[in-house]
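# An overview of the molecular structure
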Amino acid sequence: DGRSFLDTGVILADVHITFHQPILLGQDIRVGVRVCKFGNKSLDVEQSIEDTSTGQIMASTSLVLVAFDYRTQQSIPILPAWRKSIAIFENLQLE
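Computed from a predicted structure; not experimentally measured.

Right, let's get into the pattern of salt bridges. Throughout the structure, instances matching the rule amount to two salt bridges. When the shortest N-O distance is used, the salt bridge between Glu 50 and Arg 30 registers 2.7 Å. Of the two residues, Glu 50 is situated in strand β3 (residues 42-51) and Arg 30 in strand β2 (residues 29-38); the sequence distance between them amounts to 20 residues. Overall, Arg 30 belongs to the partly exposed group, its relative accessible area being 42%. Two residues, Glu 46 and Arg 34, come together in a salt bridge whose shortest N-O distance is 2.9 Å. With Glu 46 in strand β3 and Arg 34 in strand β2, this residue pair connects regions lying twelve residues apart in the sequence.

Below, the structure is given as structure tokens:
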């Protein structure tokens, strides 16, 4: 919508990383990212790295992103256009 990232962006509020197996140089991997839950002002995101040949999960993360206005330094509700676009892409139900 042409807004500046300084007005409406996101900020990383929380992150958890679990390393299950070492990833070796040259190893073929696949990275998956999905938004799994909406809050009023936040998004829960899951990520995984897996070996493409075996499907074994090498690392997984969960994180929380908060909609944030960098000019006012305050959290803000997730913009309706963001919520709708993400919900369509991720096949999530809007409440």
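Moving on, we get to the pairing of strand β4 (residues 57-69). Looking along a regular strand, one sees side chains alternate from face to face of the sheet. The pairing of strand β1 (residues 9-19) with β4 spans ten bridges and is antiparallel. Across the sheet, Val 15 pairs through a bridge with Leu 63, a residue of β4. Examined bridge by bridge, β3 and β4 share nine bridges and lie antiparallel to one another. Its bridge partner lying in β4, Ser 42 is registered against Val 66. Linking β3 back to β4 in an antiparallel pair, the connection comprises five residues, with Gly 55 at a positive phi of about 80°. Relative to strand β5 (residues 74-75), β4 is paired through two bridges, and the arrangement is antiparallel. When the bridges of β5 are listed, Phe 68 appears paired with Ser 75.

This part covers unusual backbone geometry. A positive phi angle is found at Gln 73, which is not glycine, with a value near 60°. The topology assignment puts Gln 73 in the loop between β4 and β5. According to the relative accessible area criterion, Gln 73 is exposed, its value standing at 51%. Notably, Asn 91 is not glycine yet its phi reads approximately 60°, a positive angle. Mapped onto the fold, Asn 91 is located in the segment after α1 (80-90).

Side chains that are nonpolar tend, in soluble globular proteins, to be buried together. Formed by Val 35, Phe 38, Leu 43, Val 45, Leu 63, Ala 67, Ile 76, Ile 78 and Ala 87, the largest nonpolar core amounts to nine residues. Elements represented by at least two residues in this core include exactly β2, β3 and β4. Excluding anything up to four places from it in sequence, Val 35 contacts Leu 43, Asp 44, Val 45, Ile 86, Glu 90 and Leu 92.

So, how was this worked out
- Residues numbered from 1 in each chain as written.
- Predicted model: local features only at pLDDT ≥ 70, side-chain atom pairs only at ≥ 80, totals over all residues.
- Heavy atoms only, no water.
- Salt bridge = Lys/Arg side-chain N within 4 Å of Asp/Glu carboxyl O.
- Helix = DSSP H or I, 4+ residues; strand = E, 2+ residues; numbered from the N terminus.
- Buried < 20%, exposed > 50% of the residue type's maximum accessible area, 1.4 Å probe, protein only.
- Pairing = 2+ DSSP bridges.
- Core = buried A, V, L, I, M, F, W, Y, C linked by side-chain atoms within 4.5 Å.
- Contact = heavy atoms within 4.5 Å.

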